[in-house]
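Close look at the chain arrangement
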Amino acid sequence: DYNLASQMEQKGYTIYPASVPTTAYTLCYQTNDPNDPFYDIRVRKAVSHAINEDIIIDALFHGYGIKSSQWCTAQSEFYNDKITGHPYDVEKAKQLLAEAGYPNGFKTKLTTASGTIYSDICQIIIDQLSEIGIEVEFRPVEGSAFIKYIGGWEEGMFLHPMGLENGAASQIASNFVQGLSFALGVGSFEIPDDLDASIKEAMYAEEDQVAPLFREIQKDLFEDRYYM
């Protein structure tokens, strides 16, 4: 694990991180329920501004983790360098919450799989969100029961370990089109017609157009609509 790798490096071993990332720990939001605070994009952006990812990377991944505002790293052909992300800024987070009608925060839930790394990530997130008045109930889900929550977590937030071995384009195409019976957030994300159409266009585009189209889709998902 990351702690062992760090200890070995300190003892003089050379550590070679994998060139292809395997997992993207993704914080997802309920976006299709008008009664949920996260239906408002300002709330979603506020939460992102309130989370200091560097603390998570340093404390839990011992510097081996990579911070990214999209489902790939800068070495990928699908990486969009126009995505700015939402840098750590507590005052900006408070401002956005107030604009959205939550000047004193609100109560919500955070669901994820049981396990040390998931719990540790969530605990840091919960502690940081308390700084802007958001009170979070932590819901770790055991074993196979976790599978059903991937499709919909009912309310609030969901920490999902998205596998990246197949690449960003494959994961987007298999999770963010309409009519799926099972996919990430199929019951929690709103998939409008224009997003569905743009993904299908990219899926069937000429080879030299696939990467540029999916780069634009990443910006749509991770910055413009801000589902995650």
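Quick caveat, the model's predicted, so the values are computed rather than measured.

On the surface, Glu77, Glu206, Glu207 and Asp208 cluster together to form a negatively charged patch. When you line up the elements, Asp208 lands in helix α9 (residues 207–224).

Positionally, Ser198 belongs in helix α8 (residues 193–203). With relative accessibility at 21%, the residue Ser198 sits in the partly exposed group. Linking Ser198 and Leu213, residues 15 residues apart in sequence, is a C-alpha distance of 7.9 Å.

This next bit is on the pattern of salt bridges. On inspection of all chains with the given rule, the structure shows eight salt bridges. Here Asp224 makes a salt bridge to Lys219, at a shortest N to O gap of 3.1 Å. Here the residues in one salt-bridge network are Asp194, Asp220 and Arg225, joined through shared partners.

Overall, the predicted model of the protein reaches an average pLDDT of 94, with 100% of residues at or above 70. Averaged pLDDT values over the elements of the protein bottom out at 90 in helix α1 (residues 2–10) and peak at 98 in helix α4 (residues 90–99).

Moving on to α8. Looking only at α8, the buried set comprises Leu195, Asp196, Ile199 and Ala202. Buried residues of α8, viewed axially, fall in a sector of 130°; they line one side. Residues of α8 that are buried make contact with α7 (168–173) and α9.

Within the fold, Thr73 resides in the loop between α3 (53–60) and α4. By relative accessible area, Thr73 is classed as buried at 11%. Residues within four places of Thr73 in sequence aside, it is in contact with Pro21, Ile66 and Tyr79.

Closest axis-to-axis distance for the α8/α9 pair is 9 Å, and the angle between their directions is 155°. Here α8 is positioned roughly antiparallel relative to α9, judged by the angle of their axes. Where α8 crosses over α9, the handedness of that crossing is left-handed. Here α8 contributes Leu195, Ser198, Ile199, Glu201, Ala202 and Met203 to the contact with α9, which in turn contributes Val210, Leu213, Phe214, Ile217, Asp220 and Leu221. A class-by-class count of the residues in the contact of α8 with α9 yields nine nonpolar, one polar and two charged.

A word on the sheet that holds strand β2 (residues 107–113). With respect to topology, four strands assemble into an open sheet ordered β1-β4-β2-β3, the strand pairing being mixed. Two strands in the sheet have a free side with no partner beyond their single neighbour: β1 (23–29) and β3 (135–141). Direction aside, the axes of adjacent strands within the sheet are offset by 25° on average. Both β1 and strand β4 (residues 157–163) contribute to a ladder of seven bridges, which runs antiparallel. Within the sheet, the bridge partner assigned to Cys28 lies in β4 and is Phe158.

About the thresholds
- Residues numbered from 1 in each chain as written.
- Predicted model: local features only at pLDDT ≥ 70, side-chain atom pairs only at ≥ 80, totals over all residues.
- Heavy atoms only, no water.
- Patch = residues over 30% accessible without salt bridge, like charges linked within 9 Å, V, L, I, M, F, W, Y side chains within 5 Å.
- Areas by Shrake-Rupley, 256 points an atom, 1.4 Å probe, with all protein chains shown as cover.
- Salt bridge = Lys/Arg side-chain N within 4 Å of Asp/Glu carboxyl O.
- Lys, Arg positive; Asp, Glu negative; His and termini not counted.
- Charge placed at Lys NZ, Arg CZ, Asp CG, Glu CD.
- Helix = DSSP H or I, 4+ residues; strand = E, 2+ residues; numbered from the N terminus.
- Buried < 20%, exposed > 50% of the residue type's maximum accessible area, 1.4 Å probe, protein only.
- pLDDT = per-residue confidence, 0-100.
- Arc of directions from axis to C-beta.
- Contact = heavy atoms within 4.5 Å.
- Axes fitted to C-alpha atoms, helices over the stretch in contact; angles between N-to-C directions.
- Parallel < 35°, antiparallel > 145°, perpendicular 65-115°, else oblique.
- Left-handed = near helix turned anticlockwise from the far one by under 90°.
- Nonpolar A, V, L, I, M, F, W, Y, C, P; charged D, E, K, R; others polar.
- Pairing = 2+ DSSP bridges.

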